[in-house]
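One-letter residues, chain by chain:
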Amino acid sequence: MSKNKGTSTVAKLRSLKAWLYLLPALLFLGVFMVYPLIDVLIYSFEEGYNSASQTSFGTGIYNYAYVLHDPYFLQAVKNTFIIVIITVPLSTILALLISLGLNSIKKLKEVFQTIFFLPYVTNTLAVGLVFMIMFKKTPYTDGLVNMILAIFKAGPIDFIDGPYWAKMFVMCFYTIWVVLPFKILILTSALASVDDVYYKAARIDGTSRFRMFTNITLPMISPMIFYLVITGFIGAFKAYSDEVAIFGTDLNAAGMNTIVGYVYDMLYGDSGGYPSYAAAAALILFAIVFTITVINLLISKKTSIR
Amino acid sequence: MKIRFEGLTKRFPNRNKKIKSEVVAVDNFTFEIPDGKLVGLLGPSGCGKSTALNLICGLEVPTEGRIFFDDDDVTDIPAENRGVGMVFQSYALYPHLNVKKNIMFPLQNLKGEQKLTKEQMEQKALEAARIVQIEELMDRKPREMSGGQQQRVAIARALVKMPRVLLLDEPLSNLDARLRIQTREEIKRIQNETKITTVFVTHDQEEAMSISDLIVVMKDGAIHQIGKPQDVYDQPCNLFVAKFLGTPPINVFKGRINGGELYIGDDKIAGKEFVKDISDQEVFIGIRPEGFILRNEDGGKKGVFSSKLLAVEVMGRDTSVVFSSEHSEVEGTRHRAIISSEEHIDPSSEKVFFDINPKKLFVFSGESQERLI
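These figures come from a predicted structure and were not determined experimentally.

Moving on, we get to the interface of chain B and chain A. Contacts between the two partners involve 15 residues from chain B, matched on the other side by 14 residues from chain A. For the side of chain B that touches chain A, the secondary-structure elements that each account for two or more residues are β6 (84-87) and α2 (99-108) of chain B. Tallied by class, residues from the side of chain B that touches chain A come to 11 nonpolar, 3 polar and 1 charged.

The following block contains the structure:
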């Protein structure tokens, strides 16, 4: 009995020591990650919170009701969902096709890989500016894209200040362009990691190239594809800077705001100074991203091979 | 089905691009693998045996020469149309498919008239599984099986289309020692049952000797000897083949032929009746471990060969006498003689004396290393 007690004391001391080692990390995580998260949750239920005076009128779900009835927010949600639904699958498929191409060429492979990876190390705001200039129609010039369209007897279309679908097209085009390099990098390395012996075995058995792709390549790299889809969803839901890069800071006026953009506007924009609304919007975004990610994980678990 | 090679050669560009000369992996193969036999391609690693296998199955294209299956020239036929089944060293089982789907995979590739219904495929998969005795594992994934079981699945997958030729690349190298013996018997049994001409590649001479109908000993892309395992063991054509076959390995000494007699140092190993009329020269003398006959100094019958006794290892079934000689081909070699466990040898004695069984004694030219006697 006493012996047991002795070991349990030692065990207690040991676990105490372990917690002591963890303390610095826990402190930092607590102060800078957990506390802000909880604080946002609290703000989102405090009506009319004022960060300067640290006061509020009371608590309730009014902030959520306001945000969910705000046409700007609903526009932002719609924009965000359109961007997510179009860019995530399209960019993943495009990246897969490009990676397959890169993987099958022998000469200059590294050169092409570098070229495709360059956008990743380029500043997105600068690139956004270039995109804007390419697509913008001004009184003096129709812009590069419209000049090309003119060859096919189409346009001119004002992509930056024109109709909604035109703006959305530019937005999706740009988003895909921005996220593509990273996906290509991941997928080329995933493709290269598939052991060549499987293809040899399949070849001897007379497997068609298409079947090799669908029955060997895809299942083998599926963990990486799921990884890209999940992070792609999260990234696209949190899009903001890409929109600013093309349409400027007044996204509401352009009708191209996103949820994160709305949060920013509520905090610091011209209509800003409403941290409670911002907190509520941020938590709604969190709920959306969380739900989608859980669904993604469930699907990936069901189809996973390992 | 017979497989015939005519002047088959495969050269690769050198890995090191600065070196212009090419690497010859397979050098001018001309021989025939008879129908329905189990043939072992044997050689040290890097000797081109895997390349030879890849040439047969069509994964590699020969630089020169032709390959015939019976009388069909298959040299220009792509791998998928040659009707070969191959078992890879790593088995190459698709990790995301279960055993049944792995075995059915080749069948699902069939097109046109050959196309099978799902029932036919399952039937054939089950037949193949039955041959390798894994019917009860059909729903397992490869990672849920032992190496030996994976090996069987790989063989079943190679057999399911009833190939004309079955190729096995280092089939036993990933198995542990006990499984290896079991599996090699299994391969022999499967080959006997199916009567499919089977070629396998190995660097393990014991593996090749134990199950092959015919072994092909290779080195540096060239064939050194082809024959039945026992024939190759008993009549090696050169020093390399003699050294490569047999465990424990053959004991090689530097010696000379002098006046029609064979000497290791001052010991006269054999006389005129053995040497016959070979001219005087420096030679290598190979003696199989089982070729030594223990002689005692005091018994009056002093052996023809004396050496320094290092150790006596009792195995139960037989006894290993470990000795050294100042005339070893490689200095400091620990030689091994295997004698009957009924013989008595004093481990504390300094010297040991042997007579040599002439059937286990081979003499190779000191220059070309070709066999003289």
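Here we come to helix α3 (residues 118-131) of chain B. Residues and elements named next belong to chain B. Spanning 14 residues, α3 covers 20 Å between terminal C-alpha atoms, matching the ideal 20 Å at 1.5 Å per step. Within the span of α3, buried status applies to Met 121, Ala 125, Ala 128 and Ala 129. For α3, the angular spread of the buried residues around the axis is 100°, confining them to a single face. Exposed side chains of α3 directed beyond 90 degrees from the buried face belong to Glu 119, Gln 120, Gln 123 and Arg 130. Buried residues in α3 make contact with α2 and α4 (147-159). Of the residues one or two after α3, Gln 133 is the one with positive phi, at around 60°.

Our focus in this paragraph is the sheet that holds strand β15 (residues 292-295) of chain B. Residue and element names in this part refer to chain B. Here 5 strands make up an open sheet; going across it, the order is β15-β19-β16-β17-β18 and the pairing antiparallel. The open sheet has two free edges, formed respectively by β15 and β18 (335-340), since each of these has just one partner strand. This sheet shows a mean twist of 50° between the axes of neighbouring strands, independent of strand direction. Looking at chain direction, β15 and strand β19 (residues 351-356) are connected through 4 bridges and run antiparallel. In the strand pairing of β19, Leu 294 is matched with Phe 354.

This part is about the domain arrangement of chain A. All names here are of chain A. For chain A, the assigned domains are domain 1 (2-59) and domain 2 (70-303). Distance from the C-alpha centre of domain 1 to the C-alpha centre of domain 2: 36 Å. Counting residues at the interface gives 9 residues for domain 1, matched by 6 residues for domain 2. Elements that contribute at least two residues to the side of domain 1 that touches domain 2 include exactly α1 (2-45) and β1 (46-47). For the side of domain 1 that touches domain 2, the element with the highest residue contribution is α1, accounting for 4 residues. Classifying every residue of the side of domain 1 that touches domain 2 by side-chain character gives 4 nonpolar, 3 polar and 2 charged.

Residues and elements named next belong to chain B. Relative to the helices and strands, Lys 10 is located in strand β1 (residues 3-12). The exposure class of Lys 10 is buried, given the 23 C-beta atoms found within 10 Å. Along the sequence, Lys 10 and Glu 22 sit 12 residues apart, while their C-alpha atoms lie 9.8 Å from each other. Residue contacts for Lys 10: discarding those within four places in its chain leaves Ala 25, Val 26, Thr 51, Leu 55, Glu 60, Pro 62 and Thr 63.

Cut-offs and rules
Residues numbered from 1 in each chain as written. Chains lettered and ligands numbered in written order. Predicted model: local features only at pLDDT ≥ 70, side-chain atom pairs only at ≥ 80, totals over all residues. Contact = placed C-beta atoms within 7 Å. Helix = DSSP H or I, 4+ residues; strand = E, 2+ residues; numbered from the N terminus. Nonpolar A, V, L, I, M, F, W, Y, C, P; charged D, E, K, R; others polar. Expected span 1.5 Å × (residues − 1). Buried ≥ 20, exposed ≤ 12 C-beta atoms within 10 Å, placed from the backbone. Arc of directions from axis to C-beta. Pairing = 2+ DSSP bridges. Axes fitted to C-alpha atoms, helices over the stretch in contact; angles between N-to-C directions. Domains from an automatic or database assignment.

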